[in-house]
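# Notes for the structure review
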Amino acid sequence: MALLTCIARASDGLILAEAPGSVLRDADRIWLQAQQLLRNLYSMPPSHSVEASAKVVLHFRVVGCICYLAALDRGYEADAAFRFLDDVGALFQEELKRAFGTRSVDYGSHIDLLERPHAFAAVCPQIARAEAHLRDSPVRAFLGASQMDMSSEV
């Protein structure tokens, strides 16, 4: 389950869009860890996973000047998490096309000039739908069913 998904400027961690997922008891601590991670992206590889707690892993991918970050349950495979981040990236690219037009393929100069956080709040409902799709995905259902099968065999 997605606990948090956000899109940030890679240079300084300015949040461009955010979709809080399910509520977790230590959500504030995980959000603080995510913010710290976003401020220190320059020292990290472009795609990476970091443990936030015993139950949560922060997955992030930096593409150009933008960082896509998701806090997911430990049960999600890293490959599935990065596919989810790619989907979020595609949604955000569509939003960038709507906001700045299609003349410029590199939106980095536009992103660098943004000063206010949550400048792309319009993409948040789309991210929330992607989170719901992630939660209800057939892969997740298959994993749950196979875990139930294995527990019944024991």
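Structure's up top.
Residues numbered from 1 in each chain as written. Predicted model: local features only at pLDDT ≥ 70, side-chain atom pairs only at ≥ 80, totals over all residues. Heavy atoms only, no water.

### Quick word on helix α1 (residues 27-39)
- Helix length check: α1, at 13 residues, gives a terminal C-alpha distance of 18 Å against a target of 18 Å (1.5 Å per residue), a fit within 8%.
- Listed in full, the buried residues belonging to α1 are Ile30, Ala34, Leu37 and Leu38. Buried residues along α1 cover an arc of 100° about the axis, so they all sit on one side. More than 90 degrees from the buried face of α1, the exposed residues found are Asp28, Leu32 and Arg39. (Helix = DSSP H or I, 4+ residues; strand = E, 2+ residues; numbered from the N terminus. Expected span 1.5 Å × (residues − 1). Buried < 20%, exposed > 50% of the residue type's maximum accessible area, 1.4 Å probe, protein only. Arc of directions from axis to C-beta.)

### Things to note about the environment of Asp73
- You can see Asp73 is positioned in strand β5 (residues 66-73).
- Sequence separation of Asp73 and Ala2 is 71 residues, and the distance between their C-alpha atoms is 6.8 Å.

### Describing the pattern of salt bridges
- For the structure on display, the rule yields five salt bridges.
- Note that Arg9 is salt-bridged to Asp12, the shortest N-O span being 2.9 Å.
- We classify Arg9 as buried; its relative accessible area is 7%.
- Residue classification places Asp12 among the partly exposed residues on the basis of a relative accessible area of 38%.
- Here Glu51 and Arg74 are joined by a salt bridge, their closest N and O atoms 3.3 Å apart. Of this pair, Glu51 sits in strand β3 (residues 47-51) while Arg74 sits in the loop between β5 and α2 (78-100), placing them 23 residues apart in sequence. (Salt bridge = Lys/Arg side-chain N within 4 Å of Asp/Glu carboxyl O.)

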